[in-house]
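Residues per chain, in single letters:
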Amino acid sequence: MGHFYFDGSDTVYLAKKYGTPLYVVSENYIIDRIDEIKRDFLGRYINVDVVYAGKAFLPKEMARIVKREGIGIDVVSGGELYTAMKVDFPSDKIIFHGNNKSLDELDMAVGYGVGRIIVDNEYELGLLNNVAKRHGKRVNILYRTTPGVNSNTHKYIQTGQVDSKFGIPILNGVIYSAIEKALKLDNINLLGFHFHIGSQILDNTTYVEAIKVITKLMKGVKDRFGFKTRELNTGGGFGIQYADTGERKPISFYTDIIMEEIGRSCRENGLDIPRVIIEPGRWIVGEAGITLYTIGSIKEIPDVRTYVSVDGGMNDNPRPSLYEAKYDGVIANKMDEDPSSVVTIAGKCCESGDILVWDLKVPEVKSGDILAILSTGAYNYSMASNYNKFPRPAVVMVKDGKDRLIVKRETYQDMLRNEI
Ligand code: LLP
């Protein structure tokens with residue numbers, strides 16, 4: 001009684017069984033989100049596709065779930081690609097991203113036969129053509145573009161503006177020479193364009209702006225080179241619920257307007273509607289995860305604030321210190337008690353900035369209580385570090401009240417494995 005249950009599992013019991021800090025991820029939640037995409041995007045439109053952005057969360061078990069659910073995956077490094085390969089992820093359903101892919105990574109991707117390589121720049125195009133030639137293959141690519149729009153999100157996770165390290169800017173016309181070059185290469189098959197305007201985006205208007213820009217480009221390349229854009233990848237970035245945002249929007253909030261605008265802009269420009277691909281990461285897995293911590297020391301500074309320290313922090317969740325991200329949390333063993341105090345949740349790293357939540361409303365807490373921080377499914381496990389030599393937490397998957405370990409807790413020995 002009074003315990004916080006997550007996908008049917010008692011989180012206080014999980015904390016005891018596996019120790020803390022602990023990532024807990026709900027399989028049902030992930031499947032529900034994928035089902036919603038299947039119903040309201042894949043089922044509603046023709047010639048559309050979805051790839052899960054693996055950077056959000058990609059232990060092997062997540063790659064297996066994505067594979068089983070039949071959607072594609074977007075990888076951004078040799079390591080993510082390796083993870084997908086280890087679960088025999090169908091190669092044609094993999095999209096490979098990155099603004100500075102190495103020769104080894106390109107070689108691995110072409111060797112495995114990934115479905116699309118999203119080429120970020122002309123330098124990469126040259127490398128890729130040589131790699132593809134060596135493999136005797138012609139590889140399918142999209143060009144990553146920056147449409148020159150500013151999404152309304154933290155500046156560190158904006159990516160659609162001209163001043164970005166990603167992609168080729170559309171606005172100044174440089175992209176035309178890159179396209180011309182791609183069209184001339186024997187081992188490159190340019191299919192179309194990609195943009196990703198940023199992450200944790202809560203409105204849908206920036207997608208519309210970006211589509212207007214990119215369809216103009218599509219018209220331009222048709223007129224200039226007779227090139228027909230067959231694919232348009234509009235990226236991910238769909239926002240979820242954190243402490244400072246409202247409820248997560250349905251997928252159709254984003255995809256309906258994206259499809260509507262693509263239809264309208266293509267008609268206006270006399271273009272055929274290309275295949276449309278989306279790449280959600282956070283929207284699929286963000287709210288599917290929570291992190292459990294044990295409360296340790298409590299420091300009350302009269303008339304100032306109360307610091308409640310937990311056994312994790314910026315190691316397992318760097319988002320508050322990187323992006324000033326706001327999280328909500330509950331005391332998992334006191335769900336039937338009213339919040340009567342306001343405390344600040346501090347991590348245990350040797351950094352003043354290691355604060356998980358400023359001013360969280362909680363019931364009276366004491367050492368040994370279990371804190372659950374919500375919406376930690378995306379960009380927590382995947383961004384965790386060993387700073388201060390804290391081992392990374394374990395990851396437990398829950399489903400219908402059953403729990404299974406999917407990533408073991410790191411040990412001190414694990415951390416020193418490569419040290420000579
Ligand atoms: N596609 C591309 C090309 C991307 O770069 C990203 C995210 C996504 C898709 C997926 O975005 P999502 O749907 O998950 O928002 N570490 C930051 C987020 C960085 C996102 C980078 N790219 C954070 O914790 O907020």
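Residues numbered from 1 in each chain as written. Predicted model: local features only at pLDDT ≥ 70, side-chain atom pairs only at ≥ 80, totals over all residues. Heavy atoms only, no water.

### Here we look at helix 1 (residues 11-18)
Along an α-helix, residues three or four apart share an orientation, since each turn contains 3.6 residues.
Right, so step 1: Residues T11, V12, L14, A15 and Y18 constitute the buried set of helix 1. End-on, the buried residues of helix 1 take up no more than an arc of 160°, which puts them together on one face.
Right, so step 2: Among the residues of helix 1, the N-terminal cap falls to D10, whose side-chain oxygen and the backbone nitrogen of V12 are separated by 2.9 Å.
Right, so step 3: G19 sits one or two residues past helix 1 and shows a positive phi near 85°. (Buried < 20%, exposed > 50% of the residue type's maximum accessible area, 1.4 Å probe, protein only. Helix = DSSP H or I, 4+ residues; strand = E, 2+ residues; numbered from the N terminus. Arc of directions from axis to C-beta. Polar contact = N/O pair within 3.5 Å; in protein donor to acceptor, adjacent residues only side chain to side chain.)

### Topic: the confidence of the model for the chain
Right, so step 1: Of the residues in the chain, 100% have a pLDDT of 70 or more, and the chain-wide mean is 96.
Right, so step 2: Of all helices and strands in the chain, the one with the weakest mean pLDDT is strand 9 (residues 168-169) (92), whereas strand 3 (residues 22-26) scores best (99). (pLDDT = per-residue confidence, 0-100.)

### Side note on the domain arrangement of the chain
Right, so step 1: The domains assigned to the chain are domain 1 (5-24 + 287-416) and domain 2 (27-285).
Right, so step 2: Between the C-alpha centres of domain 1 and domain 2 there is a distance of 32 Å.
Right, so step 3: Of the residues lining the interface, 24 residues belong to domain 1; the matching set on domain 2 comes to 24 residues.
Right, so step 4: In this assembly, domain 1 packs against domain 2 so that about 2200 Å² is buried in total across both faces, 58% of it on carbon and sulfur atoms.
Right, so step 5: It is E287, Y323 and Y379 in domain 1 that bury the most area against domain 2; as a group they hold 29% of the surface buried on that side.
Right, so step 6: On the surface where domain 1 and domain 2 come into contact, there are 3 salt bridges.
Right, so step 7: On the surface where domain 1 and domain 2 come into contact, there are 14 residue pairs in polar contact (both at pLDDT 80 or more).
Right, so step 8: Where the side of domain 1 that touches domain 2 is concerned, the elements lending two or more residues are helix 11 (319-323), strand 19 (394-399) and strand 20 (402-407).
Right, so step 9: Among the elements that line the side of domain 1 that touches domain 2, the one with the most residues is strand 19, at 4 residues.
Right, so step 10: Grouping the amino acids of the side of domain 1 that touches domain 2 by side-chain chemistry returns 12 nonpolar, 4 polar and 8 charged. (Domains from an automatic or database assignment. Contact = heavy atoms within 4.5 Å. Buried area = accessible area lost by both parts, 1.4 Å probe. Salt bridge = Lys/Arg side-chain N within 4 Å of Asp/Glu carboxyl O. Nonpolar A, V, L, I, M, F, W, Y, C, P; charged D, E, K, R; others polar.)

### Things to note about the site of the ligand
Right, so step 1: Close contacts around the ligand come from 20 residues, with S199, E279, R319, Y323 and Y379 the closest.
Right, so step 2: At 2.8 Å from an oxygen atom of the ligand is found a main-chain nitrogen or oxygen belonging to G237.
Right, so step 3: Take G281: an N or O atom from its main chain is 2.9 Å from an oxygen atom of the ligand.
Right, so step 4: With the chains in place, 91% of the 580 Å² that the ligand exposes on its own is no longer accessible.
Right, so step 5: Residue-level mapping places the shell around the ligand at the junction of two domains, with at least three residues from each of domain 1 (5-24 + 287-416) and domain 2 (27-285). (Near = heavy atom within 4 Å. Areas by Shrake-Rupley, 256 points an atom, 1.4 Å probe, with all protein chains shown as cover.)

### Quick look at the nonpolar core
Right, so step 1: One finds Y52, I117, Y143 and F193 to be the most contacted residues of the largest nonpolar core, which totals 85 residues.
Right, so step 2: Take this core: its biggest share by element is 8 residues, from helix 8 (residues 205-225).
Right, so step 3: Counting contributing residues, this core receives three or more from each of domain 1 (5-24 + 287-416) and domain 2 (27-285).
Right, so step 4: Each residue touching Y143, except ones within four places of it in the same chain, is listed here: I118, V119, E122, L125, I168, A178, I179, A182, L190, G192, F193 and H194. (Core = buried A, V, L, I, M, F, W, Y, C linked by side-chain atoms within 4.5 Å.)

### Things to note about the pairing of strand 19
Right, so step 1: Counting buried positions over the 6 residues of strand 19 gives 5, a clear majority of the element.
Right, so step 2: The pairing of strand 3 with strand 19 spans 5 bridges and is classified as parallel. Bridge assignment links V25 to a residue of strand 19, and that residue is M397.
Right, so step 3: With 5 bridges connecting them, strand 19 and strand 20 associate as antiparallel partners. Residue pairing in the sheet places V398 in a bridge with D403 of strand 20.
Right, so step 4: Where strand 19 hands over to strand 20, the hairpin turn is made up of 2 residues, of which D400 adopts a positive phi near 50°. (Pairing = 2+ DSSP bridges.)

### Remarks on the pattern of salt bridges
Right, so step 1: Inspection of the entire model under this criterion finds 26 salt bridges.
Right, so step 2: A salt bridge links D256 to R44; its shortest N-O distance comes to 2.8 Å. Remark: R44 occurs in the loop between helix 2 (27-42) and strand 4 (48-53) and D256 occurs in helix 9 (residues 251-268); sequence separation between them is 212 residues.
Right, so step 3: According to the relative accessible area criterion, D256 is partly exposed, its value standing at 22%.

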